Amino acid sequence: MQIKVLLFAIIFSYVLSRRIKQKKSNLIHISLIQKGQRVQETIKSTLDSDIKISFELSREVKEQINNQNLLIDHLDRLQYAYQIVYIPLRNQYNAQYFGKIQLGQQEQTFELLFDTGSSYTWVASNDCNTCQKAGVKHFFNCETSQSCSYLNKKIKLQYGTGKAVAQFMVENLKIASLLIQNQTMLLLDELTELKKFEGDGLAGLGFDTLSDGYPTIIDNLFIQDLIDKKEFSIYLTEHQNSEDKQSKLIIGGKQDNLGDYNNDQWHYCDVINKNYWAILGDYVSFVSRDGKIRRSLKSIKPVHYVQDDKSDILFTSLFVIDSGTSLIVLYKKDHERLIQYLKDFGIECFDSEQYQGINECDQSNIDDYPNFEISLCGKQFIIPPEKYLLCSFFQCYLMIAPFDQRVSILGDLFIREYYTHFIQETPRKIGFIKAIQD
Ligand SMILES: *[C@@H]1O[C@H](CO)[C@@H](O)[C@H](O)[C@H]1NC(C)=O
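- You'll find the protein chain entered in an unreviewed UniProt entry as Peptidase A1 domain-containing protein, with Paramecium pentaurelia given as the organism.

Overview of the overall build of the protein chain
Then, in step 1: Looking only at helices and strands, the protein chain has ten helices and 24 strands in total.
Then, in step 2: Counting all 438 residues of the protein chain, 39% fall into the buried class.
Then, in step 3: Expressed as a percentage of contacts within the protein chain between residues at least 6 apart in sequence, the contacts between residues at least 24 apart total 66%.

Section: the environment of Ser145
Then, in step 1: Secondary-structure assignment places Ser145 in the loop between strand E5 (139-140) and strand E6 (149-159).
Then, in step 2: A tally of 18 C-beta atoms within 10 Å means that Ser145 is categorised as partly exposed.
Then, in step 3: A sequence separation of 39 residues divides Ser145 from Gln106, and the C-alpha atoms of the two residues are 7.0 Å apart.
Then, in step 4: When residues no more than four places from it in sequence are discounted, the contact partners of Ser145 are Gly104, Gln105, Gln106 and Glu171.

Quick notes on the nonpolar core
Then, in step 1: If you look at the biggest cluster of nonpolar residues, it comprises 98 residues, and the most contacted ones within it are Trp122, Ile175, Leu188, Ile251, Ile279 and Val320.
Then, in step 2: In terms of residue count, strand E8 (residues 178-192) provides more of this core than any other element does, seven residues in total.
Then, in step 3: Aside from chain neighbours lying at most four places away, what touches Trp122 is Ala166, Met185, Leu186, Leu187, Leu188, Gly201 and Leu202.

Quick word on the pairing of strand E24 (residues 429-434)
Regular strands show a simple pattern: their side chains alternate between the two faces of the sheet.
Then, in step 1: Relative to E24, strand E12 (residues 267-270) is paired through four bridges, and the arrangement is antiparallel. Each residue of the ladder has a partner; that of His267, found in E24, is Phe432.
Then, in step 2: The turn joining strand E23 (residues 418-423) and E24, which pair antiparallel and follow one another in sequence, is formed by five residues.

Quick word on unusual backbone geometry
Then, in step 1: Backbone torsion omega between Thr426 and Pro427 reads -5 degrees, so that peptide bond is classified as cis.
Then, in step 2: As for its position among the elements, Pro427 is in the loop between E23 and E24.
Then, in step 3: Phi at Tyr93 is positive, roughly 50 degrees, even though this residue is not glycine.
Then, in step 4: Within the secondary structure, Tyr93 sits in the loop between strand E1 (85-92) and strand E2 (96-103).
Then, in step 5: Among the residues examined, Tyr93 registers 10 C-beta atoms within 10 Å and is labelled exposed.
Then, in step 6: Phi at Asn182 takes a positive value of approximately 55 degrees, unusual for a residue other than glycine.
Then, in step 7: Positionally, Asn182 belongs in strand E8.

Analysis parameters
- Each residue is numbered by its place in its chain's sequence as written, counting from 1.
- Under the rules for a predicted model, residues below a pLDDT of 70 receive no local features and side-chain atom pairs below 80 are neither given nor counted, while totals for whole chains, interfaces and linings still include all residues.
- Per the convention used, a helix needs a DSSP run of H or I reaching at least four residues, while a strand needs a run of E reaching at least two, with both numbered from the N terminus.
- Here a residue counts as buried when 20 or more other C-beta atoms sit within 10 Å of its C-beta, as exposed when there are 12 or fewer, and as partly exposed otherwise, the C-beta atoms being derived from the backbone.
- Here the contact rule is simple: place C-beta atoms from the backbone, and any two residues whose C-beta atoms are within 7 Å are in contact.
- Connectivity within a nonpolar core runs through C-beta atoms within 7 Å, and the core itself is a set of buried Ala, Val, Leu, Ile, Met, Phe, Trp, Tyr and Cys residues.
- Two strands qualify as a pair provided that DSSP identifies no fewer than 2 bridges between them.

Shown next, in the form of structure tokens:
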């Protein structure tokens, strides 16, 4: 740790002194110089919390610094632009991913689920008994933090799998090393039906149209000049405890070495809904490995909702990219038809009502099953059978679930395959690239 601090200090003073000598050089980001003071502070606290921040240097600077032996190793890691911070995410059984934030004067730590499908950020109040039952472990007391105040306003929330009653509060919130002042957020008094929730709360990464216009944490990070761009990206892996393939939320942009550039490139889709990170899907298919058999549900017109219930071609083409959902979810009628299609491939392990395993399966021949293919704004994305089928104790489970609302949702399962970049500045876009895997 000591050495790291030293290295950063050296690089930093080098960069600054260079700027004085060579005023017109465009070797480093302007923002880095302007915000130098804060960068230094940021680096310090970042190192303390063991989350790495770094900035971009041109090849010329790198070559010169390379002469100093101590720095060579470290410079390889300095490939990211300034004002990108990382929040390592803890993987809870591939179903929920949690990152740490600090709240209030005492900088109390909470583990939050960073949810692109909602916009409020909440923690549980210390007298929320139902929160405890739902699995929340850390509670917040607004009265004991001098920076905390109430807004005298209550709200009821509805999640896909739960309900909550909360009051509004304003408090300072620290994420990675960035301190957001006066974040309007919610303090939960009641939480019901949110079963098996393994975190302390939620951090909404959606738009302010779903938070009554109150700035979200991404909005505030930008307003308070803590990030350059209203962007973030999410990289998820199956590893539970691996430094190397650590799941993470990257705030302020994307980190290019998380994409599999040998086999893929970034593909961006327009966000087509003002409330959700939603894009347009073209079709979903099951395709045999040799490509000979293909069963598809297609979208004929670029419409958000399909009007005709009876059609067996059209499907719900509005896809929400939701890090707060574990699986892939399809509108139940689309789901039903897809299950039928799977039978054309000789796979009959599902009860279409339950979508869960009823038949026996054998993990060893899972390769014979078809790929699941999703086309999003003109590009195919492939989910191989070992990712959408789970064979557990010889029972087979489909990781594609039905939903009674007319929307398709791509959750963590999809994000694990495709590293996802969310651009919130208009025109809003979502980008995907095959995630680097081992
Ligand atoms: C946060 O609120 C305090 C107290 O009202 C105020 O002094 C401070 O300027 C606010 N900070 C920001 C960034 O709005």
